[in-house]
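# Remarks on the overall topology
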Amino acid sequence: MNIHAALDALEAFLGQRLSRSKSDLSLHGESETHFPQMPPDAVAYPETTAEVSRIMQICAKHGCPVIAWGTGTSLEGHTAAVKGGVTLDMGRMNRVLDIQAADMDVRVQPGVTREALNAELRATGLFFPIDPGANATLGGMAATRASGTTAVRYGTMRDNVLALEVVLADGRVIRTGTRARKSSAGYDLTALFVGSEGTLGIITELTLRLHGQPEAISAGVCAFEDFHGAVNAVIETIQMGLPLARMEFLDETSAAAVNAYAGMAFPEKPHLLFELHGSPDSVAEDAQRFGDIVTDHGSSGFEWSDRIEDRKTLWAMRHNAFYAILALRPGARSLVTDICVPISRLAQAVEETRADIARSGLAGPILGHVGDGNFHAILLVDPAKPSEMATAKAVSHRMVERSLALGGTATGEHGVGLGKRDYMAKEHGDGWAVMGQLKQALDPLDLLNPGKLVP
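First things first, this report covers the structure right here in the doc. Note that the structure is predicted; figures quoted are calculated from it, not measured. (Residues numbered from 1 in each chain as written. Predicted model: local features only at pLDDT ≥ 70, side-chain atom pairs only at ≥ 80, totals over all residues. Heavy atoms only, no water.)

## As for helix α15 (residues 386-405)
Side chains three or four residues apart in an α-helix point the same way, a direct result of the helix having 3.6 residues per turn. As a reminder of what qualifies: Put simply, DSSP marks the helices as runs of H or I at least four residues long and the strands as runs of E at least two long, and each gets a number from the N terminus on. Multiplying 1.5 Å by the helix residue count minus one yields the expected span of that helix. Categorising residues by exposure relies on relative accessible area from a 1.4 Å probe, with only protein chains included: less than 20% of the type maximum marks a residue as buried, more than 50% marks it as exposed, and the intermediate range marks it as partly exposed. Should any heavy atoms of two residues lie within 4.5 Å, those residues are counted as being in contact.
Here α15 spans 29 Å end to end across 20 residues, near enough to the 28 Å set by a 1.5 Å rise per residue. Those residues of α15 not exposed but buried are Glu388, Met389, Ala392, Val395, Ser396, Met399, Val400, Arg402, Ser403 and Leu404. Residues of α15 that are buried in the fold lie against β16 (333-340), α14 (346-360), β18 (374-381) and α16 (424-428). Downstream of α15 by a residue or two, glycine 407 has a phi angle that is positive, lying close to 85°.

Structure representation (structure tokens):
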């Protein structure tokens with residue numbers, strides 16, 4: 001490894017688009033959550049696939065690690081430069097390249113954010129539905145197999161990426177997949193790179209599936225006296241096949257946090273937030289059916305609206321819940337963890353997690369996308385008290401162990417990164433070793449995001 005020789009060669013090639021400034025390195029070494037700062041040795045700002053290919057060729061020659069960067073919103077230490085090297089900030093590769101409205105697909109560069117894409121699509125009657133909350137880049141969302149609030153209806157990034165252009169560790173450029181809606185031609189390399197967290201290649205272009213804007217949308221909220229009623233209402237709704245587009249859960253602490261942060265007036269009780277898409281008649285009928293279900297499970301204050309202003313307020317509040325919860329304890333760091341279990345085991349997983357957090361003495365609100373069995377705990381710790389971080393890690397560990405015992409996964413949407421790597425062997429068995437063999441085949445020098453995801 002000769003990182004300095006690689007940086008000198010990259011600087012001769014990129015000029016001022018290779019930064020070694022302390023502020024750039026610090027920004028690209030930070031995490032949204034509890035991981036310590038691990039900055040790279042330099043940050044490169046490529047603008048084309050050809051430039052990414054040349055960067056990889058130079059870094060391969062000198063054994064220099066490379067970490068792809070979108071907007072830095074990942075939560076499990078995905079972009080930490082654990083071995084130094086170069087971070088590729090993909091923010092300048094931010095063009096929408098080709099919209100094929102008739103085929104309902106779009107080709108984009110990886111630095112396009114989901115909000116920017118939907119703004120570009122506004123006049124077409126189409127939209128891209130995956131909504132992880134943060135205004136993340138589409139390249140980063142594909143790399144982490146992101147999902148979010150709308151996954152219960154529209155699926156995850158796995159279901160909405162048709163094709164990719166990828167630069168491999170040695171600089172080769174490959175294309176995976178096509179614009180066709182199905183294929184039986186060989187291995188599904190697109191699926192291999194979606195969720196690979198930058199460990200197998202650098203995504204430089206994506207072809208994405210689009211969806212029609214629904215004719216009518218309604219959203220609403222209801223409170224429950226206890227979380228049992230809320231979770232059981234979710235289970236019955238899913239089992240009945242009610243076509244909800246979003247189904248979110250906030251516990252009473254989360255509700256109190258958003259009240260204080262956003263000036264809302266939710267009762268300090270567990271809440272379900274929901275959204276329905278369809279025709280005006282179907283949306284009204286489904287809202288009535290959902291209202292009957294939640295009433296049977298003890299909800300109060302069931303309200304829904306098709307006004308766009310009301311919907312925007314509701315979902316802005318939900319998307320800002322993370323920051324609202326952080327504000328409950330100024331100066332605290334967060335350990336944010338997620339698990340996902342079969343829907344029939346959701347009530348048990350939530351109940352046991354809540355009891356465990358209560359015993360720990362930590363503040364740890366629970367919220368999440370319970371429509372697909374996925375929920376989060378945001379554990380707040382004083383960074384000056386190592387004992388609190390140790391307690392939070394122990395709670396997170398038990399959450400994962402509980403999820404695996406119930407037939408679930410260590411992470412429903414946050415990804416593996418550094419934070420969940422230790423659970424991969426238990427979840428996947430010998431399959432984790434196979435992942436390592438794939439990594440060895442495509443990146444034998446371990447240049448791409450080393451120390452993450454695989455053995």
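Past the structure itself, the notes keep going.
## With respect to the nonpolar core
Let me state the cut-off plainly: Only buried residues count toward a nonpolar core, which is a set of Ala, Val, Leu, Ile, Met, Phe, Trp, Tyr and Cys residues joined through side-chain atoms within 4.5 Å.
Grouped together as the largest cluster of nonpolar side chains are 43 residues, with contacts concentrated most on Leu272, Phe290, Leu346, Val370 and Phe375. Once residues lying within four places of it in the same chain are set aside, the contact partners of phenylalanine 290 are Thr237, Leu242, Leu244, Met247, Leu272, Phe274 and Phe302. Core analysis: the next-biggest nonpolar cluster, separate from the first, contains 25 residues, Val112, Leu126, Ala146 and Leu200 among them.

## Describing the layout of surface pockets
Going by this rule: Only protein atoms enter the calculation, which uses a 1 Å grid: trapped sets of points that fit a 1.4 Å probe without letting it out are cavities, open sets showing protein on both sides within 12 Å along at least five of seven lines are pockets, and any residue with an atom within 4 Å of a point is a lining residue. Grid points are joined across faces, edges and corners, and a volume is the space filled by probe spheres set on the points. Gly is placed with the polar residues, together with every amino acid not listed as nonpolar (Ala, Val, Leu, Ile, Met, Phe, Trp, Tyr, Cys and Pro) or charged (Asp, Glu, Lys and Arg).
Reported here for the largest pocket is a volume of approximately 1000 Å³. Lining the largest pocket are 49 residues, with Thr73, Ser74, Leu75, Ala134 and Ala136 sitting closest to its centre. Breaking the lining of the largest pocket down by element, the ones donating at least two residues are β3 (66-69), α5 (138-143), β10 (202-209), α12 (308-319), α13 (321-326) and β18. The element best represented in the lining of the largest pocket is α5, accounting for four residues. Among the residues making up the lining of the largest pocket, the classes are represented as 21 nonpolar, 24 polar and four charged.

## Describing the side chain of threonine 176
Relative to the helices and strands, threonine 176 is located in strand β9 (residues 173-177). Overall, threonine 176 belongs to the buried group, its relative accessible area being 2%. Setting aside residues up to four positions removed in sequence, threonine 176 forms contacts with Leu162, Ala163, Leu164, Leu189, Thr190 and Phe193.

## Comments concerning the pattern of salt bridges
How we decide: Within this document, salt bridges are pairs made up of a side-chain nitrogen of Lys or Arg and a carboxyl oxygen of Asp or Glu, the two lying within 4 Å of each other.
One pass over the structure, following the stated rule, counts 34 salt bridges. As a salt-bridge pair, arginine 175 and glutamate 205 come within 2.7 Å of each other at their nearest N and O atoms. Here glutamate 205 lies in strand β10 and arginine 175 lies in strand β9, a separation of 30 residues in the sequence. Taking the relative accessible area as the measure of exposure, glutamate 205 reaches 7% and is therefore buried. Close ionic contact of aspartate 356 with arginine 359 constitutes a salt bridge, the shortest N to O distance being 3.8 Å. Of this pair, aspartate 356 and arginine 359 both sit in helix α14, three residues apart, which is roughly one turn of the helix. Its relative accessible area of 4% is what places aspartate 356 among the buried residues.

## Details of empty space enclosed by the protein
Tallied over the full model, the rule gives one cavity of 30 Å³ or more. Among the residues making up the lining of the largest cavity, the classes are represented as three nonpolar, four polar and one charged.

## Observations regarding the sheet that holds strand β8 (residues 161-167)
For the record, the criterion: At least two DSSP bridges between two strands are needed for those strands to be called paired. Whenever a helix is involved, its axis is fitted only over the stretch in contact; in every case the axis is a line through C-alpha atoms, and angles between N-to-C directions fall within 0 to 180 degrees.
The strand order across the open sheet formed by five strands is β5-β6-β10-β8-β9, and the pairing between neighbours is antiparallel. At either end of the open sheet lies a strand with only one pairing partner, and these are β5 (96-100) and β9. Each strand of the sheet is rotated relative to its neighbour by a mean of 15°, with strand direction disregarded. As paired elements, β8 and β10 share six bridges and run antiparallel to each other. Across the sheet, valine 166 pairs through a bridge with isoleucine 203, a residue of β10.

## Section: the packing of aromatic side chains
Basically, it comes down to this: Ring pairs shown here join Phe, Tyr and Trp side chains whose ring centres sit within 6.5 Å, with only the six-membered ring taken for Trp; geometry is labelled stacked below 30 degrees between planes, edge-to-face above 60, and tilted in between. Working rule: Lys NZ or Arg CZ, within 6 Å of ring centre, within 35 degrees of ring normal, means a charge sits over the ring.
The final tally for this structure, using the stated rule, is five aromatic pairs. Considering the side-chain rings of phenylalanine 274 and phenylalanine 290, the 4.6 Å spacing of their centres and the 55° angle between planes classify their relative orientation as tilted. Residue phenylalanine 274 is found in strand β14 (residues 271-278), and its partner phenylalanine 290 is found in helix α11 (residues 280-296); the two are separated by 16 residues along the sequence. Across the pair, exposure class does not vary: phenylalanine 274 and phenylalanine 290 are buried alike. Between phenylalanine 322 and tyrosine 323 the ring centres are 5.1 Å apart and the planes differ by 70°, which places this aromatic pair in the edge-to-face class. Using a relative accessible area of 13% as the deciding quantity, one classes phenylalanine 322 as buried. Taken together, the ring pairs connect Phe274, Phe290 and Phe302 into an aromatic cluster. A cation over a ring is seen here: arginine 54 above phenylalanine 13, with NZ or CZ 4.1 Å from the ring centre. The ring centre of tryptophan 315 lies 4.8 Å from the NZ or CZ of arginine 246, which sits over that ring.

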